[in-house]
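# Per-entry structural report
The residues making up each chain are set out below.
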Amino acid sequence: MKNAIRISCSRHNLKVVRDFVSAYLAAYALSDLQLNQIILAVDEVVANLIIHANHEDESQFLNLRLGVDKQVFEIEIEDDSKSSYQPSLYKEPDLQEHIRIGKKGGVGMTLVNRIMDRVEFTTTGDHNVCRLYKRIV
Amino acid sequence: MKINQQTTENTLTLSLDGELDASSSVLLDSELTKPEVLDYKKVLIDCQRLNYISSAGLGVFISHLQRFQDANVKLVFFNMQEKVHNVFEILGLDALMTIVPSEAEATAL
């Protein structure tokens, strides 16, 4: 099973990424809920990297590599954007306030943090790596 | 993502078919932004064929909810698949939005 993919920074590739994760995990017979949650967490990170970090510049690319080791799903998502995500700046959203002011964004990383067991962001120079981990049952 | 519309005098029903992500949510946002949407008393969202929703899709509903409430338009979701409902639950949005099991219950509200 293919465990790596390279995509350009177009939001049309979000579906490609979801299908890639889904195809890889098909062998693990996860529940619909857990499979959808993992796909969603990956989709959220990739969408942020495409839209916010790389401004949908299709000359830029993301490299994704995934695997399962000892019943733990792991995915690495790499990019070379100059603006890296700062997890220390993360704040839990106040959804009632989002509704009141009609805010569209700002809940994607909340989904990622609530779904995955571990979320790591590392930056070396202009090279950024996001790693997500989830025990699968 | 396909969006089919049905209307009665007081109700607009949008049937969502496909996956609602950061790419396709733009289309839904355009539909809900139309001023005539506020002419109805209820906007029902049929989620039977909605197979996936990400934060971008949720954000479209979040961003219009207050506008609907200010205009006394009810926004009601029905026929939602469990995996889609679970995404609302993870954020606690199931407590802030009206989600009912069936079209009959949505119509009766």
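Residues numbered from 1 in each chain as written. Chains lettered and ligands numbered in written order. Predicted model: local features only at pLDDT ≥ 70, side-chain atom pairs only at ≥ 80, totals over all residues.

## Re the interface of chain A and chain B
Opposite the 27 residues of chain A that make contact, chain B presents 24 residues. Mapped onto the side of chain A that touches chain B, the elements with two or more residues apiece are α1 (14-25), α2 (32-53), α3 (95-101) and α4 (108-115) of chain A. Of the residues in the side of chain A that touches chain B, the class split is 10 nonpolar, 8 polar and 9 charged. (Contact = placed C-beta atoms within 7 Å. Helix = DSSP H or I, 4+ residues; strand = E, 2+ residues; numbered from the N terminus. Nonpolar A, V, L, I, M, F, W, Y, C, P; charged D, E, K, R; others polar.)

## Thoughts on the environment of Lys 42 of chain B
All names here are of chain B. Positionally, Lys 42 belongs in strand β3 (residues 42-53). Linking Lys 42 and Lys 74, residues 32 residues apart in sequence, is a C-alpha distance of 4.6 Å. Beyond its immediate stretch of four places on either side in the chain, Lys 42 contacts Asn 10, Thr 11, Val 73, Lys 74 and Val 76.

## Concerning the sheet that holds strand β4 (residues 118-124) of chain A
Residue and element names in this part refer to chain A. The antiparallel open sheet is built from 5 strands, whose spatial order is β1-β2-β3-β5-β4. Only two strands of the sheet have a single neighbouring strand rather than two, namely β1 (4-8) and β4. The sheet shows a mean angle of 15° between the axes of neighbouring strands, direction not considered. As paired elements, strand β3 (residues 72-79) and strand β5 (residues 127-135) share 8 bridges and run antiparallel to each other. Its bridge partner lying in β5, Asp 79 is registered against Asn 128. (Pairing = 2+ DSSP bridges. Axes fitted to C-alpha atoms, helices over the stretch in contact; angles between N-to-C directions.)

## Observations regarding the nonpolar core
All names here are of chain A. In this structure, Ala 41, Val 42, Val 45 and Val 46 are the most contacted members of the largest nonpolar core, which totals 61 residues. Ranked by residues supplied to this core, first place goes to α2 with 10 residues. Filtering out sequence-adjacent residues up to four positions away, Val 46 remains in contact with Leu 14, Val 17, Leu 62 and Ile 77. (Core = buried A, V, L, I, M, F, W, Y, C linked by C-beta atoms within 7 Å. Buried ≥ 20, exposed ≤ 12 C-beta atoms within 10 Å, placed from the backbone.)

## Brief notes about the pairing of strand β1 (residues 2-7) of chain B
All names here are of chain B. For β1, the tally of buried residues reaches only 0 of 6 residues, placing the bulk of the element at the surface. Note that β1 and strand β2 (residues 11-20) share 6 bridges and pair antiparallel. Looking at the pairing, Lys 2 lines up with Asp 17 of β2.

## Some details on the UniProt feature "domain: Histidine kinase/HSP90-like ATPase" (unreviewed entry) in chain A
Taken from the UniProt record, the annotation "domain: Histidine kinase/HSP90-like ATPase" (unreviewed entry) applies to residues 13-133 of chain A. Helix makes up 40% of residues 13-133 of chain A and strand makes up 26%, while its end C-alpha atoms are separated by 22 Å. (UniProt positions renumbered as here; feature names shortened; annotations may be inferred.)

## Some points on the sheet that holds β3 of chain B
Note on sheets: strands pair through backbone hydrogen bonds, and any given pair is parallel or antiparallel. All names here are of chain B. Sheet architecture is open: 5 strands sit in the order β1-β2-β3-β4-β5, paired in mixed fashion. Across the chains shown, the open sheet's two edge strands, defined by having one partner strand only, are β1 and β5 (98-100). Mean inter-strand twist for the sheet, computed between neighbouring axes without regard to direction, equals 25°. Packing against the sheet, helix α2 (residues 55-70) makes contact with β2, β3 and β4 (74-78), and its axis sits at approximately 170° to β3.

## As for the UniProt feature "domain: STAS" (unreviewed entry) in chain B
Within the UniProt annotation, "domain: STAS" (unreviewed entry) is assigned to residues 1-109 of chain B. Spanning residues 1-109 of chain B, this segment combines 38% helix with 33% strand, and its end C-alpha atoms are found 27 Å apart.

## A word on the pairing of β3 of chain B
Residue and element names in this part refer to chain B. With 9 bridges connecting them, β2 and β3 associate as parallel partners. Looking at the pairing, Leu 14 lines up with Ile 45 of β3. Taking the sense of rotation as the criterion, the β-α-β connection linking β2, helix α1 (residues 25-33) and β3 turns out right-handed. Taken together, the 5 bridges between β3 and β4 define a ladder with parallel strand orientation. Opposite Lys 42, over in β4, you have Lys 74 as the bridge partner. (Right-handed = clockwise from strand over helix to strand, strands pointing away.)

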